[in-house]
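One-letter residues, chain by chain:
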Number of protein chains: 2
Amino acid sequence: MIGLVVAFSASAQQALRERPTVASPIVNENMTATFSLYAPSATQVLVVGDITAQGYAEMTRDDKGVWSYTTPEPLAPELYTYAFMVDGVRVSDPGNPFVVRDITTLFNMMLIPGERADLYRVNDVPHGTVSKVWYHSDKMGVDRRLTIYTPPGYCTEGCSHYPVLYLLHGMGGDENAWSELGRTAQIIDNLIAQGKAEPMIVVMPNGNIALQGAPGETSLGFAQPTTQLPHTMDGTYEESFLEIVDFVDNHYFTIAEKSGRAIAGLSMGGFHSLHISKEYPEMFDYIGLFSAAVRPMGRTESPIYEDMEGKLAKQFALNPKLYWIGIGVEDFLYDLNVEYRKQLDEAGYPYTYVETSGGHIWRNWRIYLSEFAPLLFK
Amino acid sequence: MIGLVVAFSASAQQALRERPTVASPIVNENMTATFSLYAPSATQVLVVGDITAQGYAEMTRDDKGVWSYTTPEPLAPELYTYAFMVDGVRVSDPGNPFVVRDITTLFNMMLIPGERADLYRVNDVPHGTVSKVWYHSDKMGVDRRLTIYTPPGYCTEGCSHYPVLYLLHGMGGDENAWSELGRTAQIIDNLIAQGKAEPMIVVMPNGNIALQGAPGETSLGFAQPTTQLPHTMDGTYEESFLEIVDFVDNHYFTIAEKSGRAIAGLSMGGFHSLHISKEYPEMFDYIGLFSAAVRPMGRTESPIYEDMEGKLAKQFALNPKLYWIGIGVEDFLYDLNVEYRKQLDEAGYPYTYVETSGGHIWRNWRIYLSEFAPLLFK
C-alpha cells in the first residue's frame, strides 16, 4: 500500500510536483507575523501591504538564501493583504496559496484572529449559501452575473420570506468583490449566529453595466481586467437596477416591500446606492453610503441626476428607517462627504454618521458592513 | 470631473496602486503564446507548465530587463496552467490575475480557444447556478461544504425535477476542484446548450471526510493545505455518502431514483465512485471511473471493501445503464485499471472504455467529463 501512497503523493494532481520550500506567513504566538521567501540570488526583497504603516518592509537574507521579516509589534486583529517585491518584481508569496484579486492585482491573505477580525473568519456557526446566479437584463439585452447569499435555514424546512440587502461594489470591482475582499458571507453568518443581525438575503450585483460579469467569468475569457469601463456612472445602472430587484423578488422568498429592502455600497457603489435610493424612494428603507462618491461623473445629462434636491426631499419625506454614512478621515472622498452631509443637515434630513481612521480601503468597508448590517430590518 | 476620475484610478481600491508593467500571456494570432516577465536582475527565468512537452522553457531577456518566451508552434486548443521560475523561485505571472489552486499550489490559467477547449470557455449560452452549500453530517457531527450546480431554467418557471451527477475529486482536492480546475459549470452549460447533455444537477462534495471543506473555507482558516488526511480512503466516506444524497434529494428538485443518479470521480474520486456504487447497487444507474484508484488504502478492514466480487455481482445483476472507465496511457494507475478491467471482463460485466494519451492530469479529467456527461440520463 505504501507504494501507492507515494505514487499518489508524487503525481496525483499536477500541483504535487512543486511545493513551497518555506512556510509563509507564520503567525507567531505573540501575534507578530513572519514572512519568508526563498530567493537566494535576489539582492532586495520587500514585503508590501497593509502589515506595516508605511506599506512595505525590507526583508533580510539568511545564509541559505531565505529572506524573512517579522513584524516588530503584534499585529492588530485584521484580514491583511500582502505581496513580495523581489528586485522590483511584484510576486505572490509561493508559500501561501490563499490569494484574492482586487481589480487587476492578486494579494495574499493573512488573518490575525480576535476582536472584529473574528467576524471575518469562518467560525463553527451555521453557514448560509453563496451562489453565482445569472439574470437577464432586458435593458442591456444580455445575461448578467450576481452573487447571492441566502442565510442559514433558507428554505430548509419550508420557505420563510427574508429581507434583502443589495450590496454594491466600487469602480473596477465586480460581483465577487464583496464576497471575497469584503468577507460578506462570513460577516453575515457570524452576526446572525451572535443574534446581532436579522437573517437576510444579500445580493451582490455587478455595477459595471457594460460587463456581464467579473473578469474571467464571461465570454470575454481571461482578458485583462480594466477600470476604463463605459456607463458605470452615467445613470445606465441606476436606470436598470429594478430589473435586479424584480429578478430577486421573483426567484427568492423575499419580503418584497420597502421595509424588507436595504441598499448599500462602497465608493462607486455608495454613489449608486445614493442615486438608486432617491430615484426609487418607495423601494428602500435602509441606505448605506460607504466611502461614497456623491456626484455624477461622465454623462451627467441622465435624468437620474436631475433635480437631486427635489428627489432627496421626496425620499426623506417618506422617512427611510436608516440613512447611514461611513467614511475614513484619510479618504480622498472625505471632503465630498462633508459637503454632502452639510446638504443633508441644512435640509434637516436625519442620518447616522460613522467616521473611522484610514482611507479608501477594504478594512474600512468590512467595518462598515459589520456596523451597518445589525441595524437592518429591526 | 477629470480630477475625480484620476483620484479613483489612483486609489479607488488598493489594487490600483500597483499594476503589472508587462502584458502576459498574449495569445498571438497564429495561436502561439508569448509569456513575459519584467525581472531585470534575474539571471534565469523559466516558464513552467503544460505549454511545452518537457514541462518548461527558458525565457530570454531583452535589454530592458523583460524576459519572454514564445511557443515555437501554435498551441492546441486547451486550458493551460503555468507559472514562472525566477532564479529557482516559483512565482505566479504578475501580469495574469487568473489563477487556480491545485491542492497546495497556484497556477496561472490561459485558454487557447477552439475545438474541445470551447467547452471550457464561458460562452454566450444560458448559464446554470453554482452554489456553495453546507449540509450536516450526522456521521461526522459537523457541517460540511458542497459545490452544487443547478442547470439553466432550474426553478425559474415552476420547478421540474432533474437528474443528479455526483462528481468526486481526487486526493488532496476539495469541493472546489471540479468547478475550478474541472470547469464543470462551463462544460455542462455548453453541452446542454448544444443539446448534447440533458439538463442535470451536479453535486461536487468534499471527499476528505476529516475536513469540513476546502482549505481557507472552514474554521481552520488560512492553514496550509495538506494531503496527509485521515479517513480519505478507509471506508468512512463511502459509509457516510448517502447523507449527501439524502440532503440533495431533500433540498433540490431531483429525480430521486436510480435512473436519475450518476456518480463519477477522478483518481481517489474514481475509487470512491467504484465503492459507493457497488455498496449501494440500487442507487446509481451511471458510474464513471476517471483515472481511478481501484484498491483500498489505509484501514482496509472496513466492511465497505469486503466481498468486492459479491458486491460487483449484485451491482451488475441490476444492470446499471452505464459503467464507464477512462484512463490515460501514461497514468501511474494504468496497470491497476488494466487489472480491474480484466476482472470485469472475466465476470462478463459490460462497461465502456476510453483510453487517452497523457497521464494523471486535469486535461484528461475535463475530457472524461465532456465525454461522460452526454451519455447520462438518456
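Coordinates for the structure precede this section.
The structure displayed is predicted, hence computed values, not measured ones. (Residues numbered from 1 in each chain as written. Chains lettered and ligands numbered in written order. Predicted model: local features only at pLDDT ≥ 70, side-chain atom pairs only at ≥ 80, totals over all residues. Heavy atoms only, no water.)

J.: Would you explain the relation of the copies chain A and chain B in this entry?
T.: Superposition of the two copies of the chain requires a rotation about an axis together with a shift along that axis. Turning chain A through 180° and shifting it by 0.0 Å along the axis lays it on chain B, with an RMSD of 0.0 Å. What we have between these two chains is a two-fold relation. In terms of proximity to the rotation axis, the leading residue of chain A is Ser131(A), whose C-alpha is 2.0 Å off the axis. (Least-squares fit on C-alpha atoms with pLDDT ≥ 70 in both.)

J.: I keep staring at the interface of chain A and chain B and nothing clicks. Help me out?
T.: Quite often, the size of an interface is put as the accessible area lost when its parts meet. Each partner contributes residues to the interface: chain A has 92 residues there, and chain B has 91 residues. Scanning the region where chain A abuts chain B turns up 0 salt bridges. Between the two partners, chain A and chain B, sit 11 residue pairs in polar contact (both at pLDDT 80 or more). Within the residue set of the side of chain A that touches chain B, elements represented by two or more residues are α1 (2-11), β2 (33-38), β7 (78-86), β8 (89-91), β9 (99-102), β10 (105-112), β11 (129-137) and α8 (362-372) of chain A. (Contact = heavy atoms within 4.5 Å. Salt bridge = Lys/Arg side-chain N within 4 Å of Asp/Glu carboxyl O. Polar contact = N/O pair within 3.5 Å; in protein donor to acceptor, adjacent residues only side chain to side chain. Helix = DSSP H or I, 4+ residues; strand = E, 2+ residues; numbered from the N terminus.)

J.: Honestly, the packing of aromatic side chains in this entry has me stumped. Any pointers?
T.: The description of an aromatic ring pair uses the distance of the two centres, along with the angle that the planes make with each other. Tallying each qualifying case throughout the model produces 46 aromatic pairs over all chains. When the ring of Tyr154(A) is compared with that of Tyr252(A), the centres are 6.2 Å apart and the planes differ by 45°; the resulting orientation is tilted. Of the two residues, Tyr154(A) sits in the loop between β12 (142-150) and β13 (164-168) while Tyr252(A) sits in the loop between α4 (236-251) and β15 (261-266), which places them 98 residues apart along the sequence. As far as the burial class goes, Tyr154(A) and Tyr252(A) line up, both buried. Following the ring pairs from residue to residue traces out a cluster consisting of Trp178(A), Phe290(A), Trp324(A), Trp362(A), Trp365(A), Tyr368(A) and Phe372(A). Sitting over the face of the ring of Tyr353(A), Arg341(A) holds its NZ or CZ atom 3.6 Å from the ring centroid. Just above the ring of Tyr120(B) sits the side chain of Arg366(B); from NZ or CZ to the centre is 5.5 Å. (Phe/Tyr/Trp six-rings, centres within 6.5 Å; stacked < 30°, edge-to-face > 60°. Buried < 20%, exposed > 50% of the residue type's maximum accessible area, 1.4 Å probe, protein only. Lys NZ or Arg CZ within 6 Å of the ring centre and 35° of its normal.)

J.: Please explain the nonpolar core as it appears in this structure.
T.: Looking at soluble globular proteins, one finds that nonpolar side chains tend to be buried together. Among the nonpolar cores identified, the biggest contains 42 residues, and Phe35(A) and Phe35(B) are the most heavily contacted of them. Among residues more than four places away in sequence, those in contact with Phe35(A) are Ser24(A), Pro25(A), Val47(A), Ile51(A), Met59(A), Trp67(A), Ser68(A), Tyr69(A), Thr71(A), Tyr82(A), Phe84(A) and Met110(A). (Core = buried A, V, L, I, M, F, W, Y, C linked by side-chain atoms within 4.5 Å.)

J.: Just to check I follow, could you spell out the pairing of β2(A) for this structure?
T.: The side chains of a regular strand alternate, first on one face of the sheet and then on the other. Residues and elements named next belong to chain A. Within β2, 5 of the 6 residues are buried, which leaves it mostly tucked inside the rest of the structure. Pairing geometry for strand β1 (residues 26-27) and β2, over 2 bridges, is antiparallel. In the sheet register, Val 27 faces β2, and the bridge partner there is Ala 33. Counting the residues that bridge the hairpin from β1 to β2 gives 5 residues, and of these Met 31 lies at a positive phi of roughly 70°. The sheet contact formed by β2 and strand β6 (residues 66-70) spans 5 bridges and is antiparallel. (Pairing = 2+ DSSP bridges.)

J.: What's the story with the state of the cysteines in this structure? I'm lost.
T.: In protein structure, a disulfide is the covalent linkage between the sulfur atoms of two cysteines. Residues and elements named next belong to chain A. In this structure the tally under the stated criterion is 2 disulfides over all chains. There is a disulfide in this structure between Cys 155 and Cys 159, and the S-S distance comes to 2.0 Å. Negative torsions about the S-S bond denote left-handed disulfides, and the value of about 125° found for Cys 155 with Cys 159 makes this one right-handed. Taking the relative accessible area as the measure of exposure, Cys 155 reaches 23% and is therefore partly exposed. The class of Cys 159 is partly exposed, set by a relative accessible area of 34%. (Disulfide = S-S within 2.5 Å.)

J.: In this structure, what is going on with the sheet that holds strand β5 (residues 60-61) of chain B? I would like to understand it.
T.: The pairing of strands in a sheet happens through backbone hydrogen bonds and is either parallel or antiparallel. Residues and elements named next belong to chain B. A sheet is described by the order of its strands in space; here 4 strands give the open sequence β1-β2-β6-β5, paired in antiparallel fashion. One side of each edge strand has no neighbouring strand; the edge strands of this open sheet are β1 (26-27) and β5. Bridging between β5 and strand β6 (residues 66-70) involves 2 bridges; their strand directions are antiparallel. When the sheet's bridge partners are listed, Arg 61 is paired in β6 with Trp 67.

J.: Can you walk me through the environment of Asn208(B) in this structure?
T.: Residue and element names in this part refer to chain B. Within the secondary structure, Asn 208 is located in the loop between β14 (201-204) and α4 (236-251). Along the sequence, Asn 208 and Asp 234 sit 26 residues apart, while their C-alpha atoms lie 11 Å from each other. In contact with Asn 208, not counting residues within four places along its chain, are Arg 144, His 169, Gly 172, Gly 173, Leu 229, Thr 232 and Met 268.

J.: What is the right way to read the sheet that holds β2(A) from this model?
T.: As summarised here, the arrangement of the 4 strands in space is β1-β2-β6-β5 (chain A), forming an open sheet in which the pairing is antiparallel. Since the sheet does not close on itself, it has two edges, and those belong to β1 and β5 (60-61) of chain A, each with one partner.

J.: Could you clarify how one ought to interpret the side chain of Gln315(B) in this entry?
T.: Residues and elements named next belong to chain B. By secondary structure assignment, the location of Gln 315 is in helix α6 (residues 308-317). Judged by its relative accessible area of 1%, Gln 315 is buried. When near neighbours in sequence (up to four residues on either side) are disregarded, Gln 315 contacts Ser 277, Lys 278, Pro 281, Ile 287, Pro 320 and Tyr 323.

J.: Can you help me understand the environment of Thr236(B) in this one?
T.: Residues and elements named next belong to chain B. Tracing the backbone through its elements, the reader meets Thr 236 in helix α4. Look at Thr 236 and you get buried, because its relative accessible area is 8%. Here the alpha-carbon distance between Thr 236 and Tyr 349, two residues 113 residues apart in the chain, equals 27 Å.

J.: When you look at the pairing of strand β13 (residues 164-168) of chain B in this model, what are you seeing that I'm missing?
T.: All names here are of chain B. The element β13 is extensively covered by neighbouring structure, given that 5 of its 5 residues are classed as buried. Taken together, the 5 bridges between β13 and strand β15 (residues 261-266) define a ladder with parallel strand orientation. Bridging across to β15, Tyr 166 finds its partner in Ile 263.

J.: Can you walk me through the packing of helix α5 (residues 268-279) of chain B against α6(B) in this structure?
T.: The description of two helices packed together rests on the angle between their axes and the distance between the axes. All names here are of chain B. Two elements in contact, α5 and α6, have axes separated by 8 Å at closest approach and are oriented at 70°. When the axis of α5 is compared with that of α6, the two are roughly perpendicular. With respect to the hand of their crossing, α5 and α6 are arranged in left-handed fashion. Of α6, the residues touching α5 (which contributes Leu 274, His 275, Ser 277, Lys 278 and Glu 279) are Met 308, Lys 311, Leu 312 and Gln 315. Tallied by class, the residues present in the contact of α5 with α6 amount to 3 nonpolar, 3 polar and 3 charged. (Axes fitted to C-alpha atoms, helices over the stretch in contact; angles between N-to-C directions. Parallel < 35°, antiparallel > 145°, perpendicular 65-115°, else oblique. Left-handed = near helix turned anticlockwise from the far one by under 90°. Nonpolar A, V, L, I, M, F, W, Y, C, P; charged D, E, K, R; others polar.)

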